[in-house]
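# Structural characterization, general
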Protein chains: 2
Amino acid sequence: MAGLNRATPPPDAPMRPSELPLPDATTLSNGVRLMTLPDRRAPVVEFRLILPCAGRAYDAPDWVGLSGAAARLLIAGTPTRTSFEIADEADRYGGYISVSANTETAILSARCLASYTEPMTRLIADVLLNPTFPADEVEIDRANTLQRLRLQRSQPAFLAEERFRTALFGEHPYRRLAPDENALQRWQTEHLQTFHATRYRPQGATLLIVGDFEPEAILKLLNDALGAWQGTVAQDPLPAPSMQNAEVGWLLVERPNSVQSHLMLGALCPPRTAPDSLALQLAVSILGAGASSRLFLTVREQYGYAYSVGAHLDYYLRIGAFVAEAQTATENTHDAVRQIRAEIERLIQEPASQEELDATRNYLIGRHM
Amino acid sequence: MAGLNRATPPPDAPMRPSELPLPDATTLSNGVRLMTLPDRRAPVVEFRLILPCAGRAYDAPDWVGLSGAAARLLIAGTPTRTSFEIADEADRYGGYISVSANTETAILSARCLASYTEPMTRLIADVLLNPTFPADEVEIDRANTLQRLRLQRSQPAFLAEERFRTALFGEHPYRRLAPDENALQRWQTEHLQTFHATRYRPQGATLLIVGDFEPEAILKLLNDALGAWQGTVAQDPLPAPSMQNAEVGWLLVERPNSVQSHLMLGALCPPRTAPDSLALQLAVSILGAGASSRLFLTVREQYGYAYSVGAHLDYYLRIGAFVAEAQTATENTHDAVRQIRAEIERLIQEPASQEELDATRNYLIGRHM
């Protein structure tokens, strides 16, 4: 290539201020926090509703997994619509509606062609307010969930994550990763109705709407369609997990005939709201985010111990977790762990260079754009 | 919910004409077709370069997989940059650069913060024009690829797809799904250099650039940076596969101790350029796309035979393939196949209702927005 001087480093171009749009925030008459971001490029509207106390950590101890069933079965029937009619209506509007629960929250996701925004909003309101959890749908979901559980238990990544969470969280509900099989065999329509009545409440929930709509019109529509949805989740707040690790050492899950090991190393750390959480994120990215991170360059590229390796932070509402993860051929397991620990030690002992800080900062900005 | 009359069907709102932007097309001085789509919302630029004759179907018969290695190792070194320096430079620009090969094409993907568009373009040009395929990087890639192959062979979806392609394509190169292990053990720097010199040519390639840039400035920059890249792929066109299936019947891949079966049923069909290909796509979507498709509603919801089930079209440049796919508990395998065949038969024999056509059309539009 002519005309390029390789003796000089790449130019340090200044970042132009970005013009990313931010949503407007307001509150519906029933207490739901509404965030809207009009975007008219495509005639489509996206909905996300976040219910902060409807995830697995809020299940009673002998009903772990009920939250997931309540989420999946929210769209399995209302007094006026069967599960088929709900799915068919969403397809007809050029979109979908789905609900899922994770460790802390339940999330309803929906989209539709813009010309169907009103009937889609009515459909969302119907499943939110009036789910019937029909017995036959509960049985189908039970069978499917059991089968998915059996499949997950055949996968190294799932088994490692399950063991890892127990080590990190001990008995705290954040340890929960999947339904309890014993609870799964027991829940019926009435348990799901009770969970819904106490956990799917508007006060504290957040609804985000992005797409092709008029802000005033959608506010009016939502207040009309969701006005009858009322109430607050009555509950003590979940305690933050103790920062004392429950277990330290090599924790093994045996998996005969496996061609590789799935490694997870980590520890609890402060939540995203902590004052130095951005600095921690930068440090962990230097260690293990992307193809020029230290772990990638040593464990994978220099020594060839692992096919994939990296490090990241998992954020929960009340705490964070630092995780370094790798998939290695079984015979390289020990060497990979040794090298990952050495890199963590080096990160703690030696300051990163200004160059490495700038490069990683650019990497993080680019990834979030 | 008050105010909603459930006796009437949802309104049939007319589709508003969409205003999705289309790229501008032009040609670089070296023959590359350039498509540009300025989008200034975020200070980021995305690059995609498609090389139409650099995929697995173009490997010599005893070198299957060389194309994949050439793609992966394109960014493993140039006379002036090591693999580390290439990855580090891309990270520093707030982005990445990666190359992969699939059945027909190789694709280079890159992104950067907008302020680094020029040095990122120079980096892309350097790896495209001057890859050195260093011997030590070839060895690391060989070990990683072998390990990935072993992992893939433990996964039902991969084994099913491999068997299915052999049934569909017989000896045609489209059957190729993964590298040949014998070839993988043999290739060296010089084989990769030869593949690159004959297959990575600008004439016939397409470069798509989306993001925050000035069209005239980027055209000038590309002509400057890529001007030295010249040439045409010299080759007979690949023949279209014969529409005669090589194999019909139950084709089994045994996998002891598996908790489920992965089913694939299908046949070859005309390519996307065929006059009735949109009608075929609509029909296959009625059969198996989304949660209110016929397969989902019968095989999964009504009978509970499968955890996941669906149908879709795979498009190659010269032909298409119809595929119905399901994951079932082992004991339900036969029932699931019977029901999928019954739904295919019904699709052929009975016209779809206008309602089903309209709903599926909306679904497809919504999914592509």
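Residues numbered from 1 in each chain as written. Chains lettered and ligands numbered in written order. Predicted model: local features only at pLDDT ≥ 70, side-chain atom pairs only at ≥ 80, totals over all residues. Heavy atoms only, no water.

### Focus: the packing of helix α2 (residues 83-92) of chain A against helix α3 (residues 117-129) of chain A
All names here are of chain A. How we decide: Interaxial angle, 0 to 180 degrees, is taken between N-to-C directions of lines fitted to C-alpha atoms, where a helix line uses only the stretch in contact. Segments assigned H or I by DSSP are reported as helices when at least four residues long, segments assigned E as strands when at least two residues long, and all are numbered from the N terminus. Roughly parallel covers angles under 35 degrees, roughly antiparallel covers those over 145, roughly perpendicular covers 65 to 115, and oblique covers all other angles. Each crossing gets its hand from how the near helix is turned against the far one by less than a right angle, where anticlockwise is left-handed and clockwise is right-handed. Should any heavy atoms of two residues lie within 4.5 Å, those residues are considered in contact.
Axis separation between α2 and α3 bottoms out at 10 Å; the angle between their running directions is 155°. On the basis of their axis angle, the class for α2 and α3 is roughly antiparallel. Handedness of the α2/α3 crossing: left-handed. Across from Ile86, Glu89 and Ala90 in α2, the residues of α3 making contact are Met120, Leu123 and Val127.

### Here's the deal with the pattern of salt bridges
Our working definition: Salt-bridge detection follows one rule: a side-chain nitrogen of Lys or Arg within 4 Å of a carboxyl oxygen of Asp or Glu.
In this structure the tally under the stated criterion is 46 salt bridges over all chains. Ionic pairing is found between Asp335 of chain A and Arg338 of chain A, a salt bridge with its closest N-O pair at 2.8 Å. Placement of the pair is Asp335 of chain A and Arg338 of chain A together in helix α11 (residues 333-349), with a separation of three residues, close to one helical turn. Of the charged contacts in the structure, one is a salt bridge between Glu171 of chain B and Arg175 of chain B, with a shortest N-O distance of 3.1 Å. By sharing partners, the salt bridges in this structure join Arg40, Asp212 and Glu214 of chain A into a single network.

### A short note on the confidence of the model for chain A
Residue and element names in this part refer to chain A. For the record, the criterion: Confidence of the predictor in every single residue is expressed as pLDDT, which spans 0 to 100.
Scored by pLDDT, chain A has a mean of 91; 95% of the residues are at 70 or more. Per-element averaging of pLDDT across chain A places helix α12 (residues 354-368) at the bottom with 88 and helix α1 (residues 66-73) at the top with 98. The low-confidence segment residues 1-7, where pLDDT is below 50, has 10 contacts with residues more than four positions distant or belonging to other chains.

### Concerning the nonpolar core
What counts here: Throughout, nonpolar core names a set of buried Ala, Val, Leu, Ile, Met, Phe, Trp, Tyr and Cys residues whose side chains join them through atoms within 4.5 Å. In this scheme, a residue with accessible area under 20% of its type's maximum is buried, one over 50% is exposed, and one in between is partly exposed, where area comes from a 1.4 Å probe on protein chains only.
In terms of nonpolar packing, the biggest core is built from 61 residues, with Ile97, Leu108, Leu128 and Tyr200 of chain B touching the most fellow members. No other element matches helix α3 (residues 117-129) of chain B, which puts seven residues into this core. Ignoring anything within four residues of it in the chain, the contact list for Tyr200 of chain B reads Leu51, Ala54, Ser67, Ala70, Ala71, Leu74, Val99, Ala106, Leu128, Phe195 and Trp229 of chain B. Counting residues in each nonpolar core, the second largest holds 60 residues, with Ala106, Leu123, Val138 and Ile218 of chain A among its members.

### Concerning the packing of aromatic side chains
All names here are of chain A. The condition is simple: Each Phe, Tyr or Trp ring, with Trp reduced to its six-membered ring, pairs with another whose centre is within 6.5 Å; inter-plane angles below 30 degrees give stacked pairs, above 60 give edge-to-face pairs, and intermediate values give tilted ones.
Enumeration according to the criterion identifies 12 aromatic pairs over all chains in this entry. Their ring planes at 80° and their centres at 5.6 Å tell us that Phe169 and Tyr174 sit as a pair that is edge-to-face. Residues Phe169 and Tyr174 agree in their burial class; the two are buried. Judged by centre distance (6.4 Å) and plane angle (65°), the rings of Phe195 and Tyr200 are edge-to-face. Residue Phe195 shares its accessibility class with Tyr200, and that shared class is buried.

### Focus on the interface of chain A and chain B
Applied cut-off: Two parts placed together each lose some accessible area under a 1.4 Å probe, and adding up what both lose gives the buried area. Here a polar contact means two N or O atoms within 3.5 Å. Within protein one must be a hydrogen donor candidate and the other an acceptor candidate, and residues neighboring in sequence count only if both atoms are side-chain atoms. Under this grouping Gly is polar, as are all residues other than the nonpolar Ala, Val, Leu, Ile, Met, Phe, Trp, Tyr, Cys and Pro and the charged Asp, Glu, Lys and Arg.
Counting residues at the interface gives 69 residues for chain A and 69 residues for chain B. Surface buried jointly by chain A and chain B totals about 6,100 Å² across both partners, of which 55% is contributed by carbon and sulfur atoms. Salt-bridge contacts for Arg92 of chain A lead to Glu355 of chain B; the nearest nitrogen and oxygen are separated by 3.9 Å. Counting the contacts that link chain A with chain B gives 12 residue pairs in polar contact (both at pLDDT 80 or more). When contributions to the side of chain A that touches chain B are tallied by element, the ones reaching two or more residues are α2, β7 (106-113), α3, α4 (135-152), α10 (294-302), β10 (306-315), β11 (320-329) and α12 of chain A. A per-class count over the side of chain A that touches chain B returns 32 nonpolar, 15 polar and 22 charged.

### Some thoughts on the relation of the copies chain A and chain B
As a reminder, the rule being used: When the copies are superposed, the least-squares fit draws on C-alpha atoms of residues that have pLDDT of at least 70 in both.
Here chain A sits on chain B after a turn of 180° about the axis and a move of 0.0 Å along it, with an RMSD of 0.0 Å. Such a combination of rotation and displacement between the chain copies is what one expects of a two-fold axis. Measuring from the rotation axis to each C-alpha of chain A, the shortest distance belongs to Gln155 of chain A, at 5.2 Å.

### A short note on α2 of chain A
All names here are of chain A. Among the 10 residues that make up α2, eight are buried, leaving the element largely enclosed by the rest of the structure. Taken together, the buried positions of α2 are Ser83, Ile86, Ala87, Asp88, Glu89, Ala90, Asp91 and Arg92. Once α2 ends, the next one or two residues include Gly94, with phi positive near 75°.

### Observations concerning the domain arrangement of chain A
Residues and elements named next belong to chain A. Defined as follows: Throughout, the edges of the domains are those of an automatic or database domain assignment.
According to the domain assignment, chain A contains domain 1 (24-226) and domain 2 (260-368). Both sides together, the interface formed by domain 1 and domain 2 hides about 1,100 Å², and carbon and sulfur atoms give 69% of it. Applying the counting criterion to the domain 1 and domain 2 interface returns one salt bridge. Note that Arg318 is salt-bridged to Glu104, the shortest N-O span being 3.5 Å. Where domain 1 meets domain 2, there are four residue pairs in polar contact (both at pLDDT 80 or more).

### Digging into the sheet that holds strand β2 (residues 33-38) of chain A
All names here are of chain A. What counts here: Any two strands with at least two DSSP-identified bridges between them are counted as paired.
The mixed open sheet is built from six strands, whose spatial order is β1-β2-β8-β3-β7-β6. Each end of this open sheet is capped by a strand with a single partner; those strands are β1 (24-27) and β6 (96-101). In this sheet, adjacent strand axes meet at a mean angle of 15° when their direction is disregarded. Where β6 meets β7, six bridges bridge the pair, whose relative direction is antiparallel.

### Observations regarding the pairing of strand β11 (residues 320-329) of chain B
All names here are of chain B. With eight of its 10 residues buried, β11 lies for the most part within the structure. Bridging between strand β10 (residues 306-315) and β11 involves nine bridges; their strand directions are antiparallel. The residue bridging Ala311 from the neighbouring strand is Ala324, located in β11.

### Things to note about the side chain of Thr189 of chain A
Residue and element names in this part refer to chain A. The topology assignment puts Thr189 in helix α7 (residues 189-199). Within polar-contact distance, the side chain of Thr189 engages the backbone oxygen of Phe133 at 2.8 Å. In contact with Thr189, other than residues within four places in its own chain, are Thr132, Phe133, Pro134, Ala135 and Val138.

### Topic: helix α10 (residues 294-302) of chain B
Burial analysis of α10 of chain B places eight of its nine residues in the buried class, which makes it a mostly covered element. Just downstream of α10 of chain B, Gly304 of chain B is the residue with a positive phi angle, here 65°.

### Concerning the sheet that holds strand β9 (residues 260-269) of chain A
Taken in spatial order, the three strands line up as β9-β11-β10 (chain A) in an open sheet, and their pairing is antiparallel. Each edge of the open sheet is held by one strand with a lone partner, namely β9 and β10 of chain A. Strand-to-strand, the axes of this sheet are offset by a mean angle of 15°, without reference to chain direction. Along the sheet, helix α4 (residues 135-152) of chain B contacts β9, β10 and β11 of chain A; its crossing angle with β10 of chain A, the most-contacted strand, is approximately 75°.

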